[in-house]
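Breakdown of the fold
As a plain string of letters, each chain reads:
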Amino acid sequence: MLNLPVLLEAMCSGPRDWDLLQKIRSGPRNWVYWVILSRVQPDLTPQNLKERWSPYRESSLEWCITLFETESVTGVSGIYHPTENPGAGTTMMYTKLRKDKWYMPVQCNHCDDAPCVQVCPTGASYKDSDGIVMINYDKCIGCRYCMVACPYQARRFNWFHPEVPYKDRNPLVPMREEGVVEKCTFCVHRTRTGKGKTTRCVEACPNKARTFGNLNDPDSEVSRLIKSERWWRLKDELNTGCNIYYLTRHSKKRMRWYKPLPPPQNIRGLR
Amino acid sequence: MIDLRKAYDRALVSMKDAGRTYHIILAILLVLIAWGGFSWIRIMFIDGAGITGSSDLVPWGIYIVGFVFFVGTSAGASLVGLMIHGFGRKDYEPLGTRAILVGFLSLTAAVLFLMSDVGNPIRAGLLPAVLRNPTSMLVYTSMTYAGFAALMLSELFFAIKITLQGGKGSHRDEKMAQVLAVGALLFALMVVHAPHGALFAFLKAREMWNTPLLPAHFVTVALASGIAVIIHITIVTSKITRKEIVSKETLSHMGGLLAFFLGVTLFMDFFDYLVMSYSGKPGGLEIWHFLTTDFYSFFLINTIGMFGAMVILLFKRGRTIPGLLIASTITIIAILSYRWNLIVVAQIPPLFPGTGNIYYTPTVPEVAVVAGIVALISFLYLVLTRVLPMEETYQENRQMTIEN
Ligand code: SF4
Ligand code: SF4
């Protein structure tokens, strides 16, 4: 029943899994994300998009979000999401950094000391040795304790039975059944193949706002970026150790301000 | 040994004798249970949890409100056992079995609420045994239910045994009852209920929960809600059966206890909110703002209700039967709104600026499930208090003494 050594160790060392952290830091891979905020542009014109991307969506933000749907990676259905359940992109929240609104993609930060992993009663949420926080959908009981524990509102619950047509499913990504929690996975089905593939949102972002890479590789772009010292992490005061870094780019030109998106509509729990 | 056949006959007669109103109430409760069960099946198997009011932004709703309230009541109800066996207050004895029943049924309700809330109840049943993560508080709290239920059932066994032997058990039985009663209260408060406070207090993402005062607060609120429910049930039952279950002095003593626990709770509440409003943390300020503007009605019901009930109970003149009935009812309502504030309002302030107006409103199926669960435990309580041998009430006891 009760695993006494594990319990004692957990009580003595605190919930932080330092060993795992050491392993991640010294291991071959430690994935991190960069989001260059000044490049997050909420209203690229349709023309603009047409030139660079397929013309499905009017704005690049929406595009970034719906991508997750086409990749059927994660139901990180966010504040802007097209359908309820099948899963849609990042949570896009705007935050008032300067005099006007900025749009800021927020998703699972794959925290080093993840509150969701600490509280998950079943061990369905766990941190892997390459730094990615994953969910075992076969273990999750859907108690949503992790959802209230996550400071970034990164997790989504499958409120309904998923109805995604077969042709829209990604065979590499398991469908999540009703009653389990899911979130961004840093596209493990791409990034862990070892073929240098990056995540879908990095590929898709028309403005190259995102960079994804291995922090333990000194030649990677993320290792170069981290030297810039202009980065910050979301809610760093909570000591979660986020693995998504935001970079506010230094620019001689005045920042461009964009028209905000219309207020979100038809979102459960939001008025 | 207990003669089962005789017990069965006795129960049948007692159910038949109960009168029309009793049977009508049972029928209404059955309808409510059926409605709740139907909605539960709809939520679980047909439409999905999406037809509840919870959302990704407010993941925990009215089920968890009910869960926390009933866990608290079950812990608080064990206090009567301590009074009888720990402090030797024999005047509480007629309440013994009833209090155990209230505690046990409240725990049943709490577990049912939890099971209705999770997305996969069958898997959740494996929780403490197969699936567990040693750093999660929820594992420990879910482990405690079985232990607490076992404690209460053995308490019930000894209570019935002693009652059947005419209120005076053998020395061994009395000793067992004593150990169980004291153990149950300690277990209820320290092992069951304080960790439920910790369950919320550990979440650094939510300002209103992340306070070290919460486990202690849970304990005092639990005691207050348990006593309030027992006072309420005692008075209502006495009124309906026209039989004094316990004397006025005992009720008055319970009122005094309730006033004490309400006072402690208010004291902690006051400093908790004071610190929150002074802390200057954005989250804390936002919750303060929510409590005092958007959800002010619940906040007022909570604080003024508790304060009012305490004031009524502080004076000897307030601790009469009507005063106690009013005070206990107010307390139950105030604690329900406190639980609502604690669970729902704590999730309403957005985690990021600019998220929009987050809201939570329970939907009809959700309310139906809640009504069904409450009806189920009320039904069981009504039937069990008829079927099981109860202790002699104060009135019967007095009449016997006079006749002798
Ligand atoms: S951002 Fe939230 S879901 Fe992701 S690892 Fe951190 S706590 Fe867990
Ligand atoms: S909902 Fe699933 S992943 Fe989240 S805490 Fe519960 S069991 Fe763990």
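Residues numbered from 1 in each chain as written. Chains lettered and ligands numbered in written order. Predicted model: local features only at pLDDT ≥ 70, side-chain atom pairs only at ≥ 80, totals over all residues. Heavy atoms only, no water.

1. Some remarks on helix H1 (residues 4–16) of chain B
Residue and element names in this part refer to chain B. Under the 1.5 Å per step criterion, the end-to-end length of H1 is 18 Å for 13 residues, consistent within 8% with the ideal 18 Å. By the burial criterion, the buried members of H1 are Ala 11, Ser 14 and Met 15. An end-on view of H1 places all buried positions within 95° of arc, on one side of the element. In H1, the exposed positions angled more than 90 degrees off the buried face are occupied by Arg 5, Lys 6 and Lys 16. (Helix = DSSP H or I, 4+ residues; strand = E, 2+ residues; numbered from the N terminus. Expected span 1.5 Å × (residues − 1). Buried < 20%, exposed > 50% of the residue type's maximum accessible area, 1.4 Å probe, protein only. Arc of directions from axis to C-beta.)

2. Thoughts on the confidence of the model for chain B
Per-residue pLDDT for chain B averages 88, and the proportion of residues at 70 or more is 98%. Looking across chain B, the model is least confident in helix H14 (residues 394–403) of chain B, with a mean pLDDT of 73, and most confident in helix H12 (residues 321–343) of chain B, with 94. (pLDDT = per-residue confidence, 0-100.)

3. Side note on the pattern of salt bridges
Within this structure, the stated rule accounts for twelve salt bridges over all chains. Between A:Asp236 and A:Arg233 there is a salt bridge whose closest N-O contact spans 3.4 Å. For A:Asp236, a relative accessible area of 30% gives the class partly exposed. Assessed through its relative accessible area of 19%, A:Arg233 is described here as buried. Residue B:Arg42 pairs with B:Asp47 through a salt bridge whose shortest N-O separation is 2.8 Å. Residue B:Asp47 is classed as partly exposed on the basis of its relative accessible area, which comes to 30%. Counted as one network, the salt bridges with shared partners bring together A:Asp128, A:Asp130 and A:Arg192. (Salt bridge = Lys/Arg side-chain N within 4 Å of Asp/Glu carboxyl O.)

4. A few points about the interface of chain B and chain A
Contacts between chain B and chain A engage 51 residues on the former and 56 residues on the latter. Interface of chain B and chain A: buried area, both sides summed, is about 4500 Å²; carbon and sulfur atoms make up 59% of it. By the criterion of area lost to chain A, the three top residues of chain B are B:Asp56, B:Lys204 and B:Phe352, representing 17% of everything that side buries. On the surface where chain B and chain A come into contact, there are three salt bridges. The shortest N-O distance in the salt bridge between A:Arg156 and B:Asp56 comes to 3.8 Å. In this structure, the connection of chain B to chain A is made through 25 residue pairs in polar contact (both at pLDDT 80 or more). Counting residues per element, the ones that place at least two in the side of chain B that touches chain A are helix H2 (20–46), helix H5 (121–124) and helix H6 (137–164) of chain B. It is H6(B) that provides the largest number of residues to the side of chain B that touches chain A, a total of five residues. A per-class count over the side of chain B that touches chain A returns 28 nonpolar, 16 polar and seven charged. (Contact = heavy atoms within 4.5 Å. Buried area = accessible area lost by both parts, 1.4 Å probe. Polar contact = N/O pair within 3.5 Å; in protein donor to acceptor, adjacent residues only side chain to side chain. Nonpolar A, V, L, I, M, F, W, Y, C, P; charged D, E, K, R; others polar.)

5. Concerning the packing of helix H11 (residues 296–314) of chain B against H12(B)
Residues and elements named next belong to chain B. At a closest axis distance of 8 Å, the pairing of H11 and H12 adopts a crossing angle of 150°. Considering the angle they form, H11 stands roughly antiparallel to H12. Our pair here, H11 against H12, has a crossing hand that is left-handed. Among the residues making up the contact of H11 with H12, the classes are represented as 16 nonpolar, six polar and no charged. (Axes fitted to C-alpha atoms, helices over the stretch in contact; angles between N-to-C directions. Parallel < 35°, antiparallel > 145°, perpendicular 65-115°, else oblique. Left-handed = near helix turned anticlockwise from the far one by under 90°.)

6. Some remarks on the side chain of B:Thr144
All names here are of chain B. Tracing the chain through its elements places Thr 144 in helix H6. The exposure class of Thr 144 is buried, given its relative accessible area of 7%. Residue contacts for Thr 144: discarding those within four places in its chain leaves Phe 187, Val 191 and Val 192.

7. Concerning the environment of B:Asp294
All names here are of chain B. Of note, Asp 294 is situated in helix H10 (residues 282–294). Between the C-alpha atom of Asp 294 and that of Ile 231, which follows or precedes it by 63 residues, the distance is 32 Å. One polar contact links Asp 294 to Thr 293, side chain to side chain, over a distance of 3.3 Å.

8. Looking at the site of ligand 1
Near ligand 1 lie 13 residues; those nearest to it are A:Cys108, A:Asn109, A:Cys111, A:Cys116 and A:Cys150. Among the residues making up the shell around ligand 1, the classes are represented as nine nonpolar, two polar and two charged. (Near = heavy atom within 4 Å.)

9. Concerning the site of ligand 2
In the vicinity of ligand 2, the contacting residues are A:Cys120, A:Pro121, A:Thr122, A:Ser125, A:Cys140, A:Ile141, A:Gly142, A:Cys143, A:Arg144, A:Cys146, A:Arg155 and A:Val181. Classifying every residue of the shell around ligand 2 by side-chain character gives seven nonpolar, three polar and two charged.

10. Concerning H11(B)
Structural remark: α-helix, 3.6 residues per turn; residues separated by three or four positions point the same way. All names here are of chain B. Its 19 residues give H11 an end-to-end C-alpha distance of 26 Å, which sits within 8% of 27 Å, the value for a rise of 1.5 Å per residue. Along H11, the positions that sit buried rather than exposed are Phe 299, Asn 302, Thr 303, Gly 305, Met 306, Ala 309, Met 310 and Leu 313. One side of H11 holds all its buried residues, which, seen down the axis, span an arc of 160°. For H11, the elements touching its buried residues are helix H9 (248–279), H10 and H12.

11. With respect to the nonpolar core
Of all hydrophobic cores here, the largest spans 121 residues; its most connected members are A:Tyr145, B:Phe67, B:Phe200 and B:Trp209. Dropping the residues within four chain positions of it, B:Phe200 is found in contact with B:Trp60, B:Ile64, B:Val68, B:Trp209, B:Asn210, B:Leu214, B:Phe218 and B:Ile343. Membership of the second largest hydrophobic core comes to 36 residues, among which are A:Phe157, A:Val180, A:Cys242 and B:Phe352. (Core = buried A, V, L, I, M, F, W, Y, C linked by side-chain atoms within 4.5 Å.)

12. Here we look at the packing of aromatic side chains
Any aromatic ring pair is given by two values, namely how distant the centres are and how the planes are angled relative to each other. Residue and element names in this part refer to chain B. For the structure shown, the criterion picks out 22 aromatic pairs over all chains. The interplanar angle of 45° and the centroid separation of 6.1 Å between the aromatic rings of Tyr 273 and Trp 288 together place this pair among those described as tilted. Of this pair, Tyr 273 sits in helix H9 while Trp 288 is found in helix H10, placing the two residues 15 residues apart along the sequence. A relative accessible area of 7% places Tyr 273 in the buried class. (Phe/Tyr/Trp six-rings, centres within 6.5 Å; stacked < 30°, edge-to-face > 60°.)

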